[in-house]
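Residue-level structure breakdown
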Amino acid sequence: MAPSLLSADFGRLDAAIDEVTPAADWLHLDVMDGHFVPNLTIGPPVVASLRGHTDLFFDTHLMITEPARYLEAFRRAGADGCTVHVEVGGTASLVRQMRDLGLRVGLAANPDTPFEAVEPFLDTVDLVLCMTVFPGFGGQAFMPEVLSKVSAVRAAVDAAGLDVDVEVDGGIGPATVAAAAEAGANVFVAGSAVFGSDDPAAAADELRRLAASATVASSVGSTRSVGSTG
Ligand code: DX5
Ligand code: ZN
């Protein structure tokens, strides 16, 4: 579970982090530059301030046109992982730069970007983020047509024996998280479903429970069976 602070109150991010920490594995930080997406959010100074407040893993989603210019600043600010979009190009070089900086390496694909765009990089990254909305805003409707790409990434990663997380982001909530888990996602970003709730930690725990039961159900019915040694 990676709650996205995008739907939290930006005037009290420290309190929002405290509320969600008991149910969060990671914190998802959405960085937008007004170019790659039509919205603006936070940059390295805010990440650095948050870093002083929590030890949670910072899953930093860079929806920006020129990540190469800012990766070092985000690393210094305390980002643990950064995810760049394959659509901005120069992916091989960005992956190298992230590795050299000691970042966990993520690669994101928009809903209309095909599996084939990320496939060549699967053995060089730690995480593939399949956007289940067009990035830029919280609270949008989940796009089920992305699930076939989630399945394709999961199948390729498993077939190659790679240790790569498959993350979904956008419209993840009680009605959609199970489908994403069944398709093979194992990291779930949720903004409005968590921070729109009166009890963000309980909302995140419920999503985790729904994802876990869907994962067990789908692996019982597949060749990746529970208890299998392969
Ligand atoms: C969308 C961001 C998401 C956003 C998701 O551009 O990348 O991380 O916070 O928000 P919800 O969960 O409300 O769709
Ligand atoms: Zn995001």
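Everything discussed here concerns the structure shown above.
Presented here is a report on the structure given in the accompanying data block. This is a predicted model, so every value here is computed, not measured. Residue positions are given per chain, counted from 1 along the sequence in the order it is written. Working convention: letters from A go to chains and numbers from 1 go to ligands, in the order in which they are written. Local features are withheld for residues below a pLDDT of 70 in this predicted model, meaning they are given only at 70 or higher, and side-chain atom pairs are given and counted only at 80 or more; totals for whole chains, interfaces and linings count all residues. The side-chain numbers reported here are obtained from all heavy atoms of the structure, hydrogens and water having been left aside.

1. Quick word on the overall build of the chain
Note the threshold: Numbering of helices and strands runs from the N terminus, with a helix taken as a DSSP run of H or I at least four residues long and a strand as a DSSP run of E at least two residues long. Our radius of gyration is a C-alpha quantity, and the globule rule it is checked against amounts to 2.2 Å times the number of residues to the power 0.38. With a 1.4 Å probe rolled over the protein chains alone, any residue whose accessible area is under 20% of its type maximum counts as buried; one over 50% counts as exposed, and the rest are partly exposed.
Helices and strands together make up the secondary structure of the chain, namely nine helices and eight strands. The globule rule puts the C-alpha radius of gyration for 230 residues at 17 Å, and the 17 Å found for the chain is close to it. With the C-alpha coordinates of the chain rotated into their principal frame, the extents come out at 45 × 40 × 30 Å. Looking at the chain as a whole, 50% of its 230 residues qualify as buried.

2. Some remarks on the environment of proline 114
Assignment of secondary structure puts proline 114 in the loop between β5 (104-109) and α5 (115-118). Relative accessible area serves as the criterion here: at 44%, proline 114 is assigned to the partly exposed category. Between the alpha carbons of proline 114 and leucine 127 there is a distance of 16 Å; along the sequence they are 13 residues apart.

3. Some thoughts on the coordination of the zinc ion (ligand 2)
Rules: Any N, O or S atom lying within 2.8 Å of the metal counts as a donor, with the limit raised to 3.2 Å for Na, K and Ca; because water is left out of the atom set, some sites can appear incomplete. Tetrahedral means four donors with every angle between 85 and 135 degrees, whereas square planar (four donors) and octahedral (six donors) require angles over 155 degrees between opposite donors and between 65 and 115 for all others; sites fitting neither are termed irregular.
Taken together, the protein ligands of the zinc ion (ligand 2) are His28 (NE2), Asp30 (OD), His61 (ND1) and Asp169 (OD), with distances of 2.1 to 2.3 Å. If you look at the zinc ion (ligand 2), its six donor atoms make angles of 71 to 169 degrees with each other, and the shape they trace is octahedral. For the zinc ion (ligand 2), the single-chain donor residues occur in sequence as H-x1-D-x30-H-x107-D. Here aspartate 30 is found in strand β2 (residues 26-32), whereas its partner histidine 61 is found in strand β3 (residues 57-63), with 31 residues between them in sequence. Of the residues examined, histidine 61 reaches a relative accessible area of 0% and is grouped as buried.

4. Concerning the side chain of histidine 61
Heads up, the condition is: Counting of polar contacts relies on pairs of N or O atoms within 3.5 Å, with two restrictions inside protein: one atom must be capable of donating a hydrogen and the other of accepting it, and residues adjacent in sequence are counted only when both atoms are side-chain atoms. Residue contacts follow a heavy-atom distance rule, with two residues in contact if any of their heavy atoms lie within 4.5 Å.
Among the polar contacts listed, one links the side chain of histidine 61 to the side chain of histidine 28, at a separation of 3.4 Å. A distance of 3.2 Å separates a polar atom in the side chain of histidine 61 from a polar atom in the side chain of aspartate 30. Apart from residues no more than four positions distant in its own chain, histidine 61 is found in contact with His28, Leu29, Asp30, Val31, Thr83, His85, Ala108, Leu129, Met131 and Asp169.

5. Side note on the packing of aromatic side chains
Each aromatic ring pair is described using two quantities: the centre-to-centre distance and the angle formed by the ring planes. Under the convention used in this document: A pair of aromatic rings is counted whenever rings of Phe, Tyr or Trp (Trp by its six-membered ring) have centres within 6.5 Å, and the orientation is called stacked for planes under 30 degrees apart, edge-to-face for over 60 and tilted otherwise. Cation placement over rings: the criterion is NZ of Lys or CZ of Arg within 6 Å of the ring centroid and within 35° of the ring normal.
Counting across every chain of the model gives one aromatic pair. Here arginine 51 stacks its cationic end above the ring of phenylalanine 58, 3.8 Å away from the centre of that ring.

6. Some thoughts on the pattern of salt bridges
Using the following cut-off: The salt bridge definition used is simple: a Lys or Arg side-chain nitrogen within 4 Å of an Asp or Glu carboxyl oxygen.
Per the stated rule, a full pass over the model turns up 10 salt bridges. Between glutamate 66 and arginine 69 there is a salt bridge, with its nearest N and O atoms 3.3 Å apart. Of the residues examined, glutamate 66 reaches a relative accessible area of 44% and is grouped as partly exposed. Ionic pairing is found between arginine 209 and glutamate 206, a salt bridge with its closest N-O pair at 2.9 Å. With arginine 209 and glutamate 206 both in helix α9 (residues 200-220) and three residues apart, this pair spans about one turn of that helix. Here the salt bridges share partners, and the residues they tie into one network are Asp25, Asp205 and Arg208.

7. Some remarks on the sheet that holds strand β8 (residues 187-190)
Rules: Strands are labelled as partners when DSSP assigns at least two bridges between them.
The sheet built from eight strands is open, its strands ordered β1-β8-β7-β6-β5-β4-β3-β2 with parallel pairing. Looking at strand neighbours, the two that pair on one side only are β1 (2-3) and β2, the edges of this open sheet. Sheet topology note: the strand β4 (residues 81-85)/β5 ladder contains five bridges and is parallel. Counterpart to glycine 81 in the pairing with β5 is arginine 104.

8. Details of the nonpolar core
Put simply, the rule is: Buried residues of nine kinds, namely Ala, Val, Leu, Ile, Met, Phe, Trp, Tyr and Cys, make up a nonpolar core once their side-chain atoms join them within 4.5 Å.
Judged by nonpolar contacts, the single largest core of 66 residues is most densely connected at Leu5, Val153 and Phe188. For valine 153, the contacting residues outside a window of four places in its chain are Phe115, Val118, Leu122, Val128, Cys130 and Val166. If you look at the next biggest cluster of nonpolar residues, it comprises nine residues, including Ala2, Trp26, Ala108 and Val189.

9. Topic: α9
For clarity, the cut-off: Working rule for helices: expected span equals 1.5 Å times residues minus one.
Taking 1.5 Å per residue, 21 residues should reach 30 Å; α9 reaches 31 Å between its end C-alpha atoms and fits that length. Elements that come into contact with the buried residues of α9 comprise α1 (13-20), α7 (177-183), β8 and α8 (192-195).

10. Quick notes on helix α4 (residues 91-100)
In plain terms, the rule: The arc under discussion is defined with respect to the helix axis, by the directions toward the C-beta atoms.
Listed in full, the buried residues belonging to α4 are Thr91, Leu94, Val95 and Met98. On an axial view of α4, the arc spanned by its buried residues comes to 100 degrees, and they lie on one face. For α4, the exposed residues lying more than 90 degrees away from the buried face are Arg96 and Asp100. Taken together, the buried residues of α4 touch α3 (71-77), β4 and β5. Positive backbone phi, approximately 80 degrees, marks glycine 102, located one or two places after α4.

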